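Reading the structure
Here are the chains, one letter per residue:
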Amino acid sequence: MNADQWLTAFAAEIGAAAPDEETTAELLDLAATAAHASERIAAPIACFMAGRDGRSVAELKAAAERVAG
């Protein structure tokens, strides 16, 4: 099972929509910023926080870049 298939199945399991390609790319960029500016464990936690925040991923990526300096 590849990542897209897994995400689609996970989305169905939790009753959510899987992210589109643009959102997936933005989330991966956010995760990369968090992981490279800190410890790797920051990446999934930052994405979790982003998912609960309500702002766009682009806004949250910009915030992560400000934190990263």
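Everything below is about the structure printed above this text.
In this report, we go over the structure that sits alongside the text.

Brief notes about the layout of surface pockets
By volume, the largest pocket is sized at about 440 Å³. Lining the largest pocket we find 13 residues, and of these Leu7, Phe10, Pro19, Leu27 and Cys47 sit closest to its centre. Mapped by element, the contributors of at least two residues to the lining of the largest pocket are helix H1 (3–14) and helix H2 (21–37). Roughly 330 Å³ of volume is contained in the second largest pocket. In terms of lining, the second largest pocket is formed by 17 residues, of which the most central are Leu30, Ala34, Ala46, Met49 and Ala64. Listing elements by their share of the lining of the second largest pocket, those giving two or more residues are H2, helix H3 (42–53) and helix H4 (57–68). Top element by residues in the lining of the second largest pocket is H3. It accounts for six residues. Per-class residue counts for the lining of the second largest pocket are 13 nonpolar, two polar and two charged.

Some points on H4
End to end, H4 covers 16 Å across 12 residues, agreeing with the expected 16 Å (1.5 Å per residue, within 8%). Burial in H4 covers these residues: Val57, Leu60, Lys61 and Ala64. Buried residues of H4, seen end-on, are gathered within an arc of 105° and therefore sit on one face of the element. Contacts made by the buried residues of H4 are with H2 and H3.

Thresholds applied
Residues numbered from 1 in each chain as written. Predicted model: local features only at pLDDT ≥ 70, side-chain atom pairs only at ≥ 80, totals over all residues. Heavy atoms only, no water. 1 Å grid on protein atoms, 1.4 Å probe; cavity = no way out; pocket = protein on both sides within 12 Å on 5 of 7 lines; lining within 4 Å. Points joined across faces, edges and corners; volume = space filled by probe spheres on them. Helix = DSSP H or I, 4+ residues; strand = E, 2+ residues; numbered from the N terminus. Nonpolar A, V, L, I, M, F, W, Y, C, P; charged D, E, K, R; others polar. Expected span 1.5 Å × (residues − 1). Buried < 20%, exposed > 50% of the residue type's maximum accessible area, 1.4 Å probe, protein only. Arc of directions from axis to C-beta. Contact = heavy atoms within 4.5 Å.

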